[in-house]
Every structure is written in C-alpha cells, then in structure tokens.
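Chain by chain, the residues:
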Amino acid sequence: MRGVLEQNGGFFIEFEMLAEMENALQQLFASGAIVIIAAMAKSCGKKLCQKFRKYGFSAEESIEKLCETLDGWNWGELNFSNIDAELGMGKFSVRNSLETRVRKVGNNFGCHFLSNFMAGFLSELFSKNVTVKERRCASWEGRTCEFEFQMVGNGE
Ligand SMILES: [Zn+2]
C-alpha cells in the first residue's frame, strides 16, 4: 500500500479516523463544525480543479478525470447527467459515497464534505459560484446519493 500512496503523493486515512476528526470538531465547535468542514472541502475541490486546468484539460475532460480520480481514491463512483456548462447547473449521483461509510455521531447525516468539495470543483470549473444540494442521501436509503448543482448570484 505504501508504494501506491507514495506514487500518488498521498497518505492513508481510515473511515473511522475521518469520523473521529468530525466528532472532535463537533465537540469543540458544535454546529460550527459543519461550516469548518464545508470551507475545507470547498477549498480542496477548487484546488483539484485548478490542478486539472494546469494540465490543460477541457471542462469535459476535467469532469471525466474527476470521476476517475474520486473512484481511485475510494470516495465513491460519480455519474454526471444534464450538465449545462453555460448555466452552471446539472446533476450527479455518487454510489458508495465515503461519508455514507463513515459512522457519524448524533444526527449529522448527509455528505457535507463531498457536497462542498464538488461545489468548489464546479465553481472553479465553470468560473461561477456553484452550490450543490444533496437531494437524497444513501445514509437514509439505498446505496446512491443524488445531488443537484446550480449557479447562485451573478456568478461572482
Ligand atoms: Zn450522501
């Protein structure tokens, strides 16, 4: 495993450890923890898109590469549909989202990290302020989470 992680410039975190990080943040900041996680996730999503753009990928290629990357990271299997790049809107689903596999305390369900990560990525990709809403989370039923995204404000 170490070889693979070294090659990809990363390190390993167990689901359990990720849950523990979230729990610790919640103990310290209560509902403020969600805002902190959202800010971190959004920034990371932006960064990944910037990296793809540096390689000269088009928007379609970036989305393709994103699906491939997140699947490789074991974050879940992404599927996009109805993308309108002009309007900065569309849908995607995620099968086996990482957050549905993390045991969370309290009633903090839903894929907050992933939603915000994707909002950061898509905002960067479309050069618009894009928000992501999770319409259905596998934490409640099924294995697939469903998301919608759209541009907010005037795009600034
Ligand atoms: Zn979910």
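In what follows, the structure referred to is the one given above.
Analysis parameters
Residues numbered from 1 in each chain as written. Predicted model: local features only at pLDDT ≥ 70, side-chain atom pairs only at ≥ 80, totals over all residues. Heavy atoms only, no water. Helix = DSSP H or I, 4+ residues; strand = E, 2+ residues; numbered from the N terminus. Buried < 20%, exposed > 50% of the residue type's maximum accessible area, 1.4 Å probe, protein only. Contact = heavy atoms within 4.5 Å. Salt bridge = Lys/Arg side-chain N within 4 Å of Asp/Glu carboxyl O. Donors = N, O, S within 2.8 Å, 3.2 Å for Na, K, Ca; no water. Tetrahedral: all angles 85-135°; square planar, octahedral: opposite > 155°, others 65-115°. Pairing = 2+ DSSP bridges. Axes fitted to C-alpha atoms, helices over the stretch in contact; angles between N-to-C directions. Core = buried A, V, L, I, M, F, W, Y, C linked by side-chain atoms within 4.5 Å. Phe/Tyr/Trp six-rings, centres within 6.5 Å; stacked < 30°, edge-to-face > 60°.

**Student:** Explain the environment of G76 residue by residue, including any values.
**Tutor:** Tracing the backbone shows G76 in the loop between α4 (59-72) and β1 (77-84). Residue G76 is classed as buried on the basis of its relative accessible area of 5%. When neighbours within four sequence positions are excluded, G76 is seen to be in contact with L70, D71, V94, R95, N96, S97 and R101.

**Student:** Describe the pattern of salt bridges, and please don't skip the residues or the numbers.
**Tutor:** For the structure shown, the criterion picks out four salt bridges. Between K65 and E68 there is a salt bridge whose closest N-O contact spans 3.7 Å. You can see K65 and its partner E68 sitting in helix α4, three residues apart, about one turn around the helix. R135 is the salt-bridge partner of E148, the closest N and O atoms lying 3.2 Å from each other. In this pair, E148 sits in strand β4 (residues 144-151) while R135 sits in strand β3 (residues 130-136), placing the two residues 13 residues apart along the sequence.

**Student:** Account for the coordination of the zinc ion, with residues named and values stated.
**Tutor:** Protein-derived ligands of the zinc ion are C111 (SG), E134 (OE), C137 (SG) and C145 (SG), with the metal-ligand distances lying across 2.0 to 2.4 Å. Geometry at the zinc ion is tetrahedral, judged from the four donor atoms that bind it and their angles of 101 to 119° at the metal. Mapped onto the polypeptide sequence, the residues donating to the zinc ion form the spacing pattern C-x22-E-x2-C-x7-C. One end of the pair, C111, is in the loop between β2 (89-95) and α5 (112-126); the other, E134, is in strand β3, and 23 residues separate them in sequence.

**Student:** Tell me about the sheet that holds β1, and please be specific about residues and values.
**Tutor:** As summarised here, the arrangement of the four strands in space is β1-β2-β4-β3, forming an open sheet in which the pairing is antiparallel. Looking at strand neighbours, the two that pair on one side only are β1 and β3, the edges of this open sheet. Strand after strand, the sheet turns through a mean of 20° between neighbouring axes, direction not considered. Relative to β4, β3 is paired through six bridges, and the arrangement is antiparallel. Its bridge partner being in β4, V130 is matched across the sheet by M151. The strands touched by α5 are β1, β2, β3 and β4; relative to β3, the strand with the most contacts, the crossing angle is about 140°.

**Student:** Help me get a handle on unusual backbone geometry, residues and values and all.
**Tutor:** Phi at N74 is positive, roughly 65°, even though this residue is not glycine. Of note, N74 is situated in the loop between α4 and β1.

**Student:** Explain the nonpolar core to me, and be specific about the residues and the numbers.
**Tutor:** In terms of nonpolar packing, the biggest core is built from 32 residues, with L66, F80, F92, F117, M118 and L122 touching the most fellow members. Of all the secondary structure elements, the ones that give two or more residues to this core are α3 (32-54), α4, β1, β2, α5, β3 and β4. The element best represented in this core is α5, accounting for nine residues. When neighbours within four sequence positions are excluded, F117 is seen to be in contact with A41, K42, C44, G45, L48, L66, L70, W73 and W75.

**Student:** Run through the packing of aromatic side chains, naming residues and quoting values.
**Tutor:** One pass over the structure, following the stated rule, counts 12 aromatic pairs. Relative to F149, the ring of F92 lies with its centre 6.2 Å away and its plane at 35°, an arrangement referred to as tilted. Taken together, the residues F92 in strand β2 and F149 in strand β4 connect sequence positions 57 residues apart. Across the pair, exposure class does not vary: F92 and F149 are buried alike. A centroid spacing of 6.2 Å and a plane angle of 20° characterise the contact between F126 and F149, whose relative ring orientation is stacked. Of this pair, F126 sits in helix α5 while F149 sits in strand β4; the two residues are 23 residues apart in sequence, bridging distant segments of the chain. Classification of F149 by relative accessible area gives buried; the value is 3%. Through pairs of rings, three or more aromatic residues link up here, namely F80, F92, F126, F147 and F149.

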